[in-house]
Amino acid sequence: MIRVLPQNLINQISAGEVVERPASVIKELVENSIDAGATQVRIRVRDAGKSYISVIDDGCGMSPDDMVLSFERHATSKLKEEDLFHIETLGFRGEALPSIASISRCSMTSVLKGQGSAWQIHVEGGKKSDLVPASLEKGTMIEVRELFYATPARLKFLRSDAVELNHIIEIVQRLALAHISVGFHLENEHRVIASYLSDPMLSDPYARMRDVLGADFVKDAIEIEAERDSIKLRGLVSLPTYHRSTQQSQFLFVNNRPVKDKALVSAIRVAYQDYIPLHRHPVVLLFLTVPPLWVDVNVHPAKTEVRFQDPNHIRGLFISALKHALHDHSHQATNAITHRAIGYFKSPASYESKAQPPSTSLHESPTSKPYTLDLQLSPHYSPKPLNVSQETGIRGSVSSHSATSMITFIEDRDHDQTEEVRGFLGRAIAQVHQSYIISETAEKMILIDQHAAHERIVYEQMKKDMHANRIARQALLIPDVVELSLEHVTLLLDYTDMFEAFGFIVERFGSSALIVREVPAMLKQINMKEFINDLLHEIKEHGEMVSLKERLERLLATLACHGSIRAGKKLSLPEMDALLRQMEETPHSGQCNHGRPTYLELSKADIEKLFERR
Ligand code: ADP
Ligand code: MG
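To keep things clear, this report deals only with the structure shown in the data block. (Residues numbered from 1 in each chain as written. Chains lettered and ligands numbered in written order. Predicted model: local features only at pLDDT ≥ 70, side-chain atom pairs only at ≥ 80, totals over all residues. Heavy atoms only, no water.)

Before going further, it helps to examine the overall build of the protein. If you tally the helices and strands in the protein, you get 20 helices and 26 strands. Expressed as a percentage of the 614 residues in the protein, the buried residues total 47%. Partitioning the intrachain contacts of the protein with sequence separation of at least 6 by distance along the chain shows that 70% fall at a separation of at least 24. Carbon together with sulfur atoms contributes 54% to the accessible area of the protein, which is approximately 31,100 Å² in total. (Helix = DSSP H or I, 4+ residues; strand = E, 2+ residues; numbered from the N terminus. Buried < 20%, exposed > 50% of the residue type's maximum accessible area, 1.4 Å probe, protein only. Contact = heavy atoms within 4.5 Å. Areas by Shrake-Rupley, 256 points an atom, 1.4 Å probe, with all protein chains shown as cover.)

N32, T76, S77, K78 and G94 are the nearest of the 20 residues found near ligand 1. In this structure, T76 approaches ligand 1 through a side-chain N or O atom, which is 2.6 Å from an oxygen atom. Residue F92 places a main-chain N or O atom 2.9 Å away from an oxygen atom belonging to ligand 1. Look at ligand 1: alone it shows 530 Å² of surface, and the protein chains cover 93% of it. Those elements that provide at least two residues to the shell around ligand 1 are α2 (22-35) and α4 (96-103). No other element matches the three residues that α4 contributes to the shell around ligand 1. For the shell around ligand 1, the class distribution of residues is seven nonpolar, nine polar and four charged. (Near = heavy atom within 4 Å. Polar contact = N/O pair within 3.5 Å; in protein donor to acceptor, adjacent residues only side chain to side chain. Nonpolar A, V, L, I, M, F, W, Y, C, P; charged D, E, K, R; others polar.)

Within the structure shown, the criterion is met by 23 salt bridges. K27 serves as the salt-bridge partner of E31, at 3.2 Å between the closest nitrogen and oxygen. With a gap of four residues between them, E31 and K27 both fall in helix α2, about one helical turn apart. Taking the relative accessible area as the measure of exposure, E31 reaches 2% and is therefore buried. Residue classification places K27 among the buried positions, given a relative accessible area of 7%. Ionic pairing is found between R73 and E95, a salt bridge with its closest N-O pair at 3.5 Å. Taken together, the residues R73 in the loop between α3 (64-70) and α4 and E95 in the loop between α3 and α4 connect sequence positions 22 residues apart. We classify E95 as buried; its relative accessible area is 7%. (Salt bridge = Lys/Arg side-chain N within 4 Å of Asp/Glu carboxyl O.)

Let's shift gears to unusual backbone geometry. Positive phi values are uncommon outside glycine, yet L202 reaches one of about 50°. By the element assignment, L202 lies in the loop between β9 (191-196) and α7 (205-213). The phi angle at S230 is positive, at roughly 55°, despite the residue not being glycine. Looking at where S230 falls in the secondary structure, it is placed in the loop between β10 (222-228) and β11 (231-237).

What follows is about the sheet that holds β10. Spatial ordering of the open sheet is given by β10-β11-β16-β13-β14, a layout of five strands whose pairing is mixed. The sheet terminates laterally at β10 and β14 (257-259), the two strands that pair on one side only. Across the sheet, the mean angle separating the axes of adjacent strands is 20° when strand polarity is ignored. Where strand β13 (residues 250-254) lies against β14, three bridges are found, and the strand directions are antiparallel. Bridge pairing links F253 to P258 in β14. Of the strands in this sheet, β13, β14 and β16 (284-289) are in contact with helix α6 (residues 161-178), which crosses β13 at around 50°. (Pairing = 2+ DSSP bridges. Axes fitted to C-alpha atoms, helices over the stretch in contact; angles between N-to-C directions.)

The next thing to look at is the side chain of T140. Within the element layout of this structure, T140 appears in strand β7 (residues 140-145). Residue classification places T140 among the buried positions, given a relative accessible area of 7%. There is a polar contact of 2.9 Å between the side chain of T140 and the side chain of S110. What T140 contacts, discounting residues up to four positions off in sequence, is V55, I56, D57, G61, M62, M108, T109 and S110.

Further remarks concern the packing of α2 against α4. Put simply, α2 and α4 touch, their axes get as near as 10 Å, and they point 140° apart. Here α4 runs oblique to α2, going by the angle between their axes. Regarding α2 and α4, the two cross each other, and that crossing is left-handed. Residue-level inspection shows V25, E28, L29 and N32 of α2 in contact with α4, the latter providing A96, L97 and I100. (Parallel < 35°, antiparallel > 145°, perpendicular 65-115°, else oblique. Left-handed = near helix turned anticlockwise from the far one by under 90°.)

With that out of the way, let us pick up α2. Given a rise of 1.5 Å per residue, 14 residues ought to cover 20 Å, and the 20 Å separating the end C-alpha atoms of α2 matches this to within 8%. By the criterion of burial, α2 is predominantly enclosed, with 12 of the 14 residues buried. Here α2 has its buried residues at P22, A23, S24, V25, I26, K27, E28, L29, V30, E31, S33 and I34. (Expected span 1.5 Å × (residues − 1).)

Inspection of every chain in the model, using the stated rule, returns two aromatic pairs. Seen in terms of ring centroids, F217 and Y242 are 6.0 Å apart; in terms of plane orientation they differ by 45°. Their pairing is tilted. Of this pair, F217 sits in helix α8 (residues 215-220) while Y242 sits in the loop between β11 and β12 (243-244), and the two are 25 residues apart along the sequence. When its relative accessible area of 1% is taken as the criterion, F217 is described as buried. Among the residues examined, Y242 registers a relative accessible area of 15% and is labelled buried. Ring geometry for F253 versus F287: centroids 4.5 Å apart, planes at 10°, classification stacked. Of this pair, F253 sits in strand β13 while F287 sits in strand β16; the two residues are 34 residues apart in sequence, bridging distant segments of the chain. A relative accessible area of 1% means that F253 is categorised as buried. (Phe/Tyr/Trp six-rings, centres within 6.5 Å; stacked < 30°, edge-to-face > 60°.)

Okay, a nonpolar patch on the surface next. On the surface, L5, L9 and I13 cluster together into a nonpolar patch covering about 230 Å² of accessible area. Of note, L9 is situated in helix α1 (residues 7-18). Take L9: its relative accessible area is 34%, and that puts it in the partly exposed class. (Patch = residues over 30% accessible without salt bridge, like charges linked within 9 Å, V, L, I, M, F, W, Y side chains within 5 Å.)

Below, the structure written as structure tokens:
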């Protein structure tokens, strides 16, 4: 016996897809407001939306007839062309209002633009009341009380208020980033949570980003601007030294629609994987614009997922645009860190009581040790490009104090004429704590972490070898047989060339196994079965084998770490200079393989600020 389900049950079923939590209600209502041409959207919630949600806008409003109709399933004013591939509004399915109203106590007050009178309608568990006159100056107000009261089982899936509120904030932020001409205001129990001013003329595209993501991020972020075959990608991404513990700060938009797309998120991971510490995530704000025909937005009831006609093409563009941008900025560490450094560089006077005079200069009291830095100067140092010998270089007053020679020496460097041999990391001056190098340019003083820096250099060299197919292979004494399913063997055999490029010789062995005859010499210890299973997993998830390369690069990173200069090794000045020159030629040398910065800079101006000369 087949029976047609009652309308309200159908709506509740669809509510199960559209309304997962209070934040989804807010998403649908705010999207409606934006579609209605609102310039101001006010959102109020109580109990993180569980007991009360209201969304008020100043959009076009609705006629009384439309108000009644809007709660009918599949009733929409938006799909005019009857063409699912030219959708310019955020909504189009006509499902949100009837779904929300089937599981809550809902009311709508609206006044059609140009008409004087407002009307109100109540819908409880899907049952509509009659329209009654109401008072509202402009636009539409929707109130949703006791969400899920009609489906108590779903109520149990809600999380704590803090978690639910967090989801709400995230949704509002996403929509706010995409619609900067609209002002947003969010309150929970009369506490203002977010307030973003509207910018109707779009006069400052960065203002909203600063409001939502913080001025720090926007100031330091890398701008992305890429275009290929009518696909555009623009936005801001963080320098690799600026990262977060979750992906919540990754904002992706496809044709200005906030989306959560696994493939794009994994593309970000791939682009950053060389630079960022494991389990950390960059902050990303990216707008992808593609011709409407290339993307299907109608794959998910909540419209947070999209399907691309050619996902690999998009993914490729994404990865290469990000990699290029990161590469171009790879010598840069975040300013935020340098600013923090300024905080660390305090004058000794600021720790001590103000009554004491500022510490005396070195040569006035050679026996006291006001500075505890362990400055090392190689006695063997004779600077190649310098014609002045160390002795003749020493000018000025004093003496045999150990630090004095260094100070004199720095003065001497000012007169150095061989400007052209210096790169942006300048000239090494000294080593501190046998771990850090101090160098200077005309404008800056630079502090370099020798281990982190060398690690990056070694790693990039190894990667170069890998890409030039110079990976040394080693035959296994006993070839490794890995049992797999027929399907998996077939899948992996497509990648034989790639395996070989990375130093693995893999062949078919019977119908359901692979035999591994050779492996990269540096990976002798690898557990092939685990490795192959992980690869399979990733091929299935991402549809391609990005991971073999990724994995190898991670292994290389580990190897590089072991093969690099340790902190604690004493270096001579020529060694230090050589390291700096190598750093300048090495891509991505602003960060070590673990995403830590390799150097910090203090500009002359910063130094002057520290000494309150500015
Ligand atoms: P959809 O947005 O997919 O069309 P909804 O169920 O969300 O479906 O809304 C149904 C219709 O109600 C919309 O097409 C629109 O005409 C009208 N509507 C909803 N919210 C508003 C609003 N805030 N202002 C004006 N019209 C609205
Ligand atoms: Mg809608």
